[in-house]
Amino acid sequence: MIDMQGVYKKYPNGVTALNGVDVTIEQGEFVYIVGPSGAGKSTFIKLIFREVKPTNGKVVVNNVNLQKVKEKRIPHIRRDIGVVYQDFKLLPKLTVFENIAFALEVIEETPKNIRRRVMEVLDLVGLKNKARFIPDELSGGEQQRVSIARAIVNHPKLVIADEPTGNLDPDTSWGIMNILEEINARGTTIIMATHSKEIVNTVKKRVIAIEGGLIVRDEHRGEYGYEV
Ligand SMILES: Nc1ncnc2c1ncn2[C@@H]1O[C@H](COP(=O)(O)OP(=O)(O)OP(=O)(O)O)[C@@H](O)[C@H]1O
């Protein structure tokens, strides 16, 4: 599903964020990306979504070599990847329903199919009764659930989440983890960057630790491994 070999990323300001990363992630895995601030976690995540381009090395996602892909195909490739951000990134003037439907409208689904699928994902995240609300009328945890619903509405094979619980209190975070685990149990690969020691040490998954732009640890059912 994801294959990175010899990946380097140097930003235009001269900072080297990734310094030779080799990693393979299989379809259906749930992987935490951990490491100190500035280690390169977000850069690693952004490479998968082709938000940044590697300076060097091979990045293959969903059998597509992102080095060789034409710019005009990138929106198409991104449709197979759901993205969840720490700050939700919902469109403030649109309702919950419209925020989620948006991703289906661009691929020209029929209104009937859009309605069915949006209500299906809202049901999965427990927010069917909030379809007509706007983001400001929801709690942080509810907004994150909407953003997860939006991420999966298009049946992506992969969901990448950059600190999805970073803005949420612990109780709300467990709810978000339950939903991500449920999505993973249905076969979707999940890659989640996190600073939450509690989550990583409780909900045991593969742990990839990045420090100074290098993978320094890669463990099946690993621990967070840093003091907080
Ligand atoms: N767009 C950019 N331009 C220049 N430097 C950047 C850019 N994005 C990140 N960096 C630098 O690259 C390094 C890695 O950053 P990255 O955001 O990947 O780390 P991180 O592990 O996600 O950190 P955090 O846990 O604080 O979010 C840092 O030194 C950062 O300052």
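Residues numbered from 1 in each chain as written. Predicted model: local features only at pLDDT ≥ 70, side-chain atom pairs only at ≥ 80, totals over all residues.

Enquirer: How should the site of the ligand be read in this particular structure?
Expert: The local shell around the ligand consists of Y11, N13, V15, A17, G35, S37, G38, A39, G40, K41, S42 and T43. Per element, the largest residue contribution to the shell around the ligand is three residues, and it comes from helix α1 (residues 41-48). A per-class count over the shell around the ligand returns four nonpolar, seven polar and one charged. (Near = placed C-beta within 6 Å. Helix = DSSP H or I, 4+ residues; strand = E, 2+ residues; numbered from the N terminus. Nonpolar A, V, L, I, M, F, W, Y, C, P; charged D, E, K, R; others polar.)

Enquirer: Looking at this model, I keep getting lost on α1. Mind explaining?
Expert: Most of α1 sits out of view: six of its eight residues are buried. Along α1, the residues classified as buried are K41, T43, F44, I45, L47 and I48. (Buried ≥ 20, exposed ≤ 12 C-beta atoms within 10 Å, placed from the backbone.)

Enquirer: For this particular structure, what's the right way to read the environment of Q144?
Expert: Along the chain, Q144 turns up in helix α5 (residues 140-152). Overall, the presence of 29 C-beta atoms within 10 Å leaves Q144 in the buried class. Through-space distance from the C-alpha of Q144 to that of L168 is 8.8 Å; in sequence the pair is 24 residues apart. Aside from chain neighbours lying at most four places away, what touches Q144 is F88, P164, L168 and I176. (Contact = placed C-beta atoms within 7 Å.)

Enquirer: Got a minute to help me understand helix α6 (residues 170-185) in this structure?
Expert: Structural remark: α-helix, 3.6 residues per turn; residues separated by three or four positions point the same way. When the terminal C-alpha atoms of α6 are compared, their 22 Å separation across 16 residues agrees well with the 22 Å that a helix rising 1.5 Å per residue should span. Where α6 is concerned, the buried positions are S173, I176, L180 and I183. Projected onto a plane normal to the axis of α6, the buried residues spread over an arc of 80 degrees and lie on a single side. Turned more than 90 degrees away from the buried face of α6, the exposed residues are D171 and A185. (Expected span 1.5 Å × (residues − 1). Arc of directions from axis to C-beta.)

Enquirer: Before we go on, may I ask you to explain the environment of E227 in this structure?
Expert: Within the fold, E227 resides in the segment after β10 (214-219). Distance from E227 to Y11, taken between C-alpha atoms, is 29 Å for residues 216 residues apart in sequence.

Enquirer: Just checking my understanding: could you explain the sheet that holds strand β4 (residues 56-61) for this structure?
Expert: Strand pairing in a sheet is mediated by backbone hydrogen bonds. Such pairs are either parallel or antiparallel. As summarised here, the arrangement of the four strands in space is β2-β1-β4-β5, forming an open sheet in which the pairing is antiparallel. Strands at the two margins of the open sheet, each flanked by one partner only, are β2 (16-25) and β5 (64-65). Bridge count between strand β1 (residues 2-10) and β4: five bridges; the pairing is antiparallel. Across the sheet, the residue bridging to D3 is V60, located in β4. (Pairing = 2+ DSSP bridges.)

Enquirer: For this particular structure, what's the right way to read the UniProt feature "domain: ABC transporter" (unreviewed entry) in the chain?
Expert: As recorded in UniProt, the feature "domain: ABC transporter" (unreviewed entry) lies at residues 2-228. Annotated as residues 2-228, this span is 32% helix and 26% strand, and its ends, taken at the C-alpha atoms, are 30 Å apart. (UniProt positions renumbered as here; feature names shortened; annotations may be inferred.)

Enquirer: Is there a simple way to explain the pairing of β1 in this structure?
Expert: Each regular strand carries side chains that alternate between the two faces of the sheet. Where β1 and β2 come together, seven bridges link them in antiparallel fashion. Residue pairing across strands places K9 opposite L18, the latter belonging to β2. Between the end of β1 and the start of β2, which pair antiparallel, lie five residues, with G14 showing a positive phi angle near 100 degrees.

Enquirer: Whenever I open this one, the sheet that holds strand β7 (residues 158-162) confuses me. Can you help?
Expert: Spatial strand order, β6-β7-β8-β3-β9-β10: six strands in an open sheet with mixed pairing. Two strands close off the open sheet at either side, each with one partner strand: β6 (81-85) and β10. Each strand of the sheet is rotated relative to its neighbour by a mean of 15 degrees, with strand direction disregarded. With five bridges joining them, β7 and strand β8 (residues 189-193) adopt parallel strand pairing. The residue bridging D162 from the neighbouring strand is A193, located in β8. Each of β3 (30-34), β7, β8 and β9 (206-211) touches α1; the most contacted strand, β8, lies at about 150 degrees to it. Along the sheet, α5 makes contact with β6 and β7, crossing β6 at roughly 165 degrees. (Axes fitted to C-alpha atoms, helices over the stretch in contact; angles between N-to-C directions.)

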